[in-house]
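Residues per chain, in single letters:
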Amino acid sequence: MSDPKTLFDKVWESHVVAENDDGTSLLYIDMHLTHEVTSWPGFESMRNSGRRLRRTDALLAVPDHVIPTINQAEGIKDELARVQFETLLKNCADFDVPLIPLLDERQGIVHIIGPEQGATQPGITLVCGDSHTATHGAFGCLAFGIGSSEVEHVLSTQTLVQKRPKNMRVAIDGELPLGVSGKDMILAIIGAIGTAGGTGHVIEYVGSAIRALSMEGRMTVCNMTIEGGARAGLIAPDETTFAYVKGRPMAPGEADWDAAMDYWRSLPSDPGAAYDKEISLDANMIAPQVTWGTSPEDVAPIDGRVPDPAAASDEKQRDAIQQALDYMDLSANQPIEDIKIDRAFIGSCTNGRIEDVRAAAKVAKGRKLAAGVSAMVVPGSGLVKAQAEAEGLDKILLDAGFEWREPGCSMCIAMNGDILSPGERCASTSNRNFKGRQGRDSRTHLVSPAMAAAAAIEGHFVDVRSLAS
Amino acid sequence: MKNFTTLSGPAAPLNMINVDTDQIIPKQYLSAISRAGLGKGLFHDFRYDMADKEKPDFILNREPYRDAKILLAGDNFGCGSSREHAPWSLDDFGIRCVIAPGFADIFFNNCVKNGVLLIVMDEAKVGELMALADNPQSCQMSIDLDAQSITLADGSSVPFEIESFRKHRLMNGLDDIEITLQKNAEISAFEAKQKAAMPWLYR
Ligand code: SF4
């Protein structure tokens, strides 16, 4: 019998076109998603070199980063952003690339529309010029972010030259407490392994708490794998996955479904398969998480406190904590619950799916935003928006004082005008609390949608489980 | 593609861990459809105040580090966003080598593609180099990729490790796409086989 293999081993090995002498592999790419910010160099270079686009049927483009989330029909006001947006349209037209245009109901954040359209499938290799491509690994496919040069490589050859990463296993068993979500789980994992904990590895998430997650929750977990240093996160496909994929526009149709299922069912890691690194967490112990610093690993449970630099293990850590506290304007040992916020942002490829909007609306129902707090909810796609509106969630949120926007990346990266002012403090469901990420000198605390909504209602962080339903 | 053989000049210490690509080059430089002039935006928020005036204390705003060719950094440098604007801006500024205890994976790949040499070195050694670089008298360093050595201002040298495939690509400035296109027959054969087994992946 052959050696037991991991899910990653299986997907990797079935996509190797050639092994190079130097230890790298030429890996075939089944699906390539693209957007306006990182695709133009590839098209420009193909034009200059006269190279052709190898496959148009394995490529899907959508604008998301720079588009406005109000009055989208009026177009893009910022000149540079408009030119970049129009360049994507022109490149797609010239090279015959399938494009989901602005104002189309299917338009949205690239990592939300891939799964929605059925472009994301178990067992495939999927790339995008964007680090949060890790999201798609929730379907048991090998999905990772690439730079612009690699985008061009895929456009021209449908392959990538890669060094094989190592396997890492993260097991989360037990049951998440009520009110605790996939977002809290992944923040707790990053807190445990650190932002470089997965560097050089692909992480496979296993365990009963992972299996219990919906596809939305799994995508949230895999999405932030990159914040744990790994380019790709994987979750073995199961009935939850198959039910999500079935019937989507780009998914295998009736004629192919059984053959696809046979392949997909062969993917989960074999018993006894070896990993290079393993950690485990008890889901029962995970509380709602809030980041206090400027790196996603700077995280604490809601009933915890901001750390004290004086208690750090070494000088480097002490400096890093002190720098973070200075930037965030927090003091050592301050209870997390005492941190007051100015804004809340609910959206992004981490938490812009229907379940996220539902979680926020559930908290907002019958309540009002705290005085002085403003909050916006940005659905991750037009389909999420339509679904939420069909369920009346927009009304609930609007009644509570939240803004209800049009889909896009929005304040996750603040390229489209949705931006924090210097000094403003935001409870954000996005994925990066880096200095300046949501606006220069702005302060970002990463939380789940329920926790962001609860903070917006109370005016400060609060355990969402303590709000009477 | 640009190749890398040798490099000499001031090395600038940036003693911070987890420097992400948002800090290397912030979002406002991502809207353009050009790589030109990105050096101006390198470490933007560290270099300029709110009125866009240079902050005199920041290392790259001081002599002789304005002409830095080498950057010494803390662990996990280049984490976060996949933006290739990060190596483009380093290169445009003139920095073509970064030495740190560790780098994030996507940034690592992006640098090779742009002829920017990344040297992974243990923390204690990077610390020693930072101490030298901190002093304008001893901040000059010369890198010889072929010999895998860094010559310091006092004439002594420090060896470094690099994977052979990266060294080869950097030294020769190889264009990966041209090399891969020579494997066209193998790629087509892979596609034919995959299409027979999984026709739904071909639309
Ligand atoms: S929502 Fe944020 S993290 Fe996700 S693709 Fe957009 S900018 Fe990137």
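Residues numbered from 1 in each chain as written. Chains lettered and ligands numbered in written order. Predicted model: local features only at pLDDT ≥ 70, side-chain atom pairs only at ≥ 80, totals over all residues. Heavy atoms only, no water.

Asks: Help me understand the environment of B:Gly39 in this model?
Replies: Residues and elements named next belong to chain B. For glycine 39, the position within the fold is in the loop between helix H1 (21–24) and helix H2 (44–47). The class of glycine 39 is buried, set by a relative accessible area of 6%. When the C-alpha atoms of glycine 39 and leucine 201 are compared, they prove to be 42 Å apart, with 162 residues separating the residues in sequence. Once you skip the residues sitting within four places of it in the chain, glycine 39 turns out to touch Arg47, Ser89, Asp92 and Phe93. (Helix = DSSP H or I, 4+ residues; strand = E, 2+ residues; numbered from the N terminus. Buried < 20%, exposed > 50% of the residue type's maximum accessible area, 1.4 Å probe, protein only. Contact = heavy atoms within 4.5 Å.)

Asks: I would appreciate a short explanation of the sheet that holds strand E1 (residues 16–19) of chain A in the present structure.
Replies: Paired through backbone hydrogen bonds, the strands of a sheet run either parallel or antiparallel to each other. Residue and element names in this part refer to chain A. With respect to topology, three strands assemble into an open sheet ordered E1-E2-E7, the strand pairing being antiparallel. Each having just a single partner strand, E1 and strand E7 (159–162) make up the two edges of the open sheet. Ignoring which end each strand starts from, the neighbouring axes of this sheet average 20° apart. Direction of pairing for strand E2 (residues 25–28) relative to E7: antiparallel, over a ladder of four bridges. Bridge pairing in E7 links tyrosine 28 to threonine 159. (Pairing = 2+ DSSP bridges. Axes fitted to C-alpha atoms, helices over the stretch in contact; angles between N-to-C directions.)

Asks: Any chance you could explain the nonpolar core here in plain terms?
Replies: The nonpolar side chains of soluble globular proteins are, as a tendency, buried together. Counting residues in hydrophobic clusters, the biggest one holds 94 residues, and the most contacted among them are A:Leu142, A:Ile172, A:Met185, A:Ile189, A:Tyr205 and A:Trp264. The greatest single-element share of this core, amounting to seven residues, is contributed by helix H6 (residues 182–193) of chain A. (Core = buried A, V, L, I, M, F, W, Y, C linked by side-chain atoms within 4.5 Å.)

Asks: Quick question: what am I supposed to make of the interface of chain B and chain A here?
Replies: Accessible area lost on assembly of the parts is the figure often given for the size of an interface. Tallying the contact residues gives 59 residues for chain B and 80 residues for chain A. Summing the contributions of chain B and of chain A, the shared interface buries around 5700 Å²; its carbon and sulfur component is 56%. Looking only at chain B, the three residues that lose the most surface to chain A are B:Lys27, B:Trp200 and B:Arg203, adding up to 13% of its buried area. Across the pair A:Arg54 and B:Glu191 runs a salt bridge whose closest N-O atoms are separated by 3.0 Å. Across the chain B-chain A interface, the total number found is 32 residue pairs in polar contact (both at pLDDT 80 or more). Elements represented by at least two residues in the side of chain B that touches chain A include exactly H1, H2, helix H3 (85–93), helix H4 (105–113), helix H6 (164–172), helix H7 (176–181) and helix H8 (184–197) of chain B. No other element matches H8(B), which puts seven residues into the side of chain B that touches chain A. (Buried area = accessible area lost by both parts, 1.4 Å probe. Salt bridge = Lys/Arg side-chain N within 4 Å of Asp/Glu carboxyl O. Polar contact = N/O pair within 3.5 Å; in protein donor to acceptor, adjacent residues only side chain to side chain.)

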